Amino acid sequence: MEKISLINPELVVNYKFPERTFTYDERDATMYALGVGACARNALDDKELKYVYHEDGQKFIKVLPTFAAIYPCGLDVAKIPGLSFDPRLLLHGQQFIEIYKPLPTHGSIRNKTSVVGLHDKGKAAVIEIEVTSYGESSDELICKNRLTLFLRGAGGFSKSPHPYSYSNYPTSQSLAFKHPKSQPFVVYEECTQPSQALLYRLSGDYNPLHSDPAFAGKAGFSRPILHGLCTLGFAVRAIIKCICGGDPNMVRSISGRLLLHVYPGETLITEMWLEGLSVMYQVKVKERGKTALSGVVTLNRLASSL
């Protein structure tokens, strides 16, 4: 019996979200920093205290570049016309962030959002969303996000023998890469807290997959899992600490491919390789010996200490 498609590609790929404004203050930026583990190991850490506290002579706190991933908060993919899927089976697959200027410590951000890719993977569908963020009263571009979502059970919608695949951004922006076979330049180990997901969700991602045991069980997990973007925040914070001398403004772009779920309380081992201005990295879950995340962080410059 032929499967009836629940996805109309034409409607999906031509959709542009209504422009939205994201407003936040220093408390939100601080809450985010704590959510991705800042100062969890050492509350006196001179490379991280600036994310949560006004140091002497510092007018404002510093904002982690991965806070840009919070700007699209509240984005409801289920409202895209022609797209139907089970929200319990949605997984975050990849994230790309490009930073054009240091993120403000507070303010209102205008987000322009559109669908930039849709792919039929047979048993699943992959949809790519691009969000460009501007200052409230100017056309100055602050940052760009591109997120890839994996919709399990939503594939099989192609009307031709060839699987449907659409992208409207350059192939040069692909997140595919290979890590060196050499020993890492730096290795950083850090334990997440059992309550990590409950803290991180206060930054705006209230998906019950990260807090509700029954919901997580129906999605196929033994217990609630950590947000993929929280794992990304841990990794990039480790890179800033170990490679950038604690300076978040050295980060130009971030890419991350989410390969495996992390349970709150597990230990993350971030391995880093430095090649020119690129830091290739992968994050392993120590308790299970598996890679949960891999990617590349591109820097504006190298720290003088390197």
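Above this note sits the structure.
Everything numeric here is computed off the predicted structure, so don't read it as measured data.

Draft legend 1. Main features of the overall build of the chain. Scanning the chain from N- to C-terminus turns up 5 helices and 11 strands. Radius of gyration (C-alpha) of the chain: 19 Å, near the 19 Å computed for a compact globule of 306 residues. Contacts in the chain between residues far apart in sequence, at least 24 positions, make up 74% of those at least 6 positions apart. Summed over its atoms, the accessible surface of the chain is roughly 14600 Å², and 53% of this surface lies on carbon and sulfur atoms. Side chains of the chain carry 34 positive and 29 negative charges; the gap between the two charge centres is 5 Å.

Draft legend 2. Molecular detail of the nonpolar core. In terms of nonpolar packing, the biggest core is built from 54 residues, with Phe67, Tyr71, Leu103, Met272, Tyr281 and Val297 touching the most fellow members. Among the elements that make up this core, the one with the highest residue count is helix H5 (residues 228-242) (9 residues). If sequence neighbours within four positions are ignored, Leu103 has contacts with Val63, Leu64, Pro65, Phe67, Ala68, Tyr71, Ile142 and Cys143.

Draft legend 3. Spotlight on the pairing of strand S4 (residues 124-135). Of all 12 residues making up S4, 12 are buried, and the element is well covered by its neighbours. As defined by bridge partners, strand S3 (residues 107-120) adjoins S4 across 11 bridges and the pair is classed as antiparallel. Looking at the pairing, Thr113 lines up with Val131 of S4. Between S3 and the antiparallel strand that follows it, S4, lie 3 residues; Gly122 among them carries a positive phi value of about 90 degrees.

Draft legend 4. Just the packing of aromatic side chains, in detail. Counted under the stated rule, the structure contains 9 aromatic pairs. Among the aromatic side chains, those forming a connected cluster through ring pairs are Phe22, Tyr24, Tyr32, Phe67, Tyr71 and Tyr200. The ring centre of Tyr51 lies 5.7 Å from the NZ or CZ of Lys50, which sits over that ring. Of note, Arg237 hangs over the ring of Phe234, and the distance from its end group to the ring centre comes to 5.1 Å.

Draft legend 5. Representation of H5 in the model. Taking 1.5 Å per residue as the helical rise, H5 with its 15 residues ought to reach 21 Å, and the 21 Å between its terminal C-alpha atoms agrees with that figure. By the criterion of burial, H5 is predominantly enclosed, with 13 of the 15 residues buried.

Draft legend 6. Highlighting helix H2 (residues 26-35). Among the 10 residues that make up H2, 7 are buried, leaving the element largely enclosed by the rest of the structure. Along H2, the positions that sit buried rather than exposed are Glu26, Ala29, Thr30, Met31, Tyr32, Ala33 and Gly35. Residues of H2 that are buried in the fold lie against helix H3 (196-200) and H5. The N-capping residue of H2, defined by a side-chain oxygen 3.1 Å from the backbone nitrogen of Arg27, is Asp25. Trailing H2 by a residue or two, Gly37 shows a phi angle of about 90 degrees, which is positive.

Draft legend 7. Spotlight on the side chain of His119. Relative to the helices and strands, His119 is located in strand S3. Among the polar contacts listed, one links the side chain of His119 to the side chain of Glu128, at a separation of 3.0 Å. A distance of 3.4 Å separates polar atoms of two side chains, one belonging to His119 and the other to Ser167. Apart from the residues within four sequence positions on either side, His119 is in contact with Ala124, Ala125, Val126, Glu128, Phe157, Tyr164, Ser165, Tyr166 and Ser167.

Draft legend 8. Quick peek at the pattern of salt bridges. A complete count under the given rule lists 11 salt bridges for this structure. Of the charged contacts in the structure, one is a salt bridge between Lys284 and Glu271, with a shortest N-O distance of 3.5 Å. Note that Lys284 is positioned in strand S10 (residues 278-285) and Glu271 in strand S9 (residues 267-275), a separation of 13 residues in sequence. The class of Glu271 is buried, set by a relative accessible area of 12%. Where salt bridges share partners, they join Glu19, Arg110 and Asp139 into one cluster.

Draft legend 9. View of the side chain of Thr132. Note that Thr132 resides in strand S4. Ignoring any residue separated from it by four or fewer positions in sequence, one finds Thr132 in contact with Arg110, Asn111, Lys112, Leu141, Cys143 and Lys144.

Reading the values: rules and limits
Residues numbered from 1 in each chain as written. Predicted model: local features only at pLDDT ≥ 70, side-chain atom pairs only at ≥ 80, totals over all residues. Heavy atoms only, no water. Helix = DSSP H or I, 4+ residues; strand = E, 2+ residues; numbered from the N terminus. Rg over C-alpha atoms; globule rule 2.2 N^0.38 Å. Contact = heavy atoms within 4.5 Å. Areas by Shrake-Rupley, 256 points an atom, 1.4 Å probe, with all protein chains shown as cover. Lys, Arg positive; Asp, Glu negative; His and termini not counted. Charge placed at Lys NZ, Arg CZ, Asp CG, Glu CD. Core = buried A, V, L, I, M, F, W, Y, C linked by side-chain atoms within 4.5 Å. Buried < 20%, exposed > 50% of the residue type's maximum accessible area, 1.4 Å probe, protein only. Pairing = 2+ DSSP bridges. Phe/Tyr/Trp six-rings, centres within 6.5 Å; stacked < 30°, edge-to-face > 60°. Lys NZ or Arg CZ within 6 Å of the ring centre and 35° of its normal. Expected span 1.5 Å × (residues − 1). Polar contact = N/O pair within 3.5 Å; in protein donor to acceptor, adjacent residues only side chain to side chain. Salt bridge = Lys/Arg side-chain N within 4 Å of Asp/Glu carboxyl O.

Any functional reading would require information that these geometric values do not contain.
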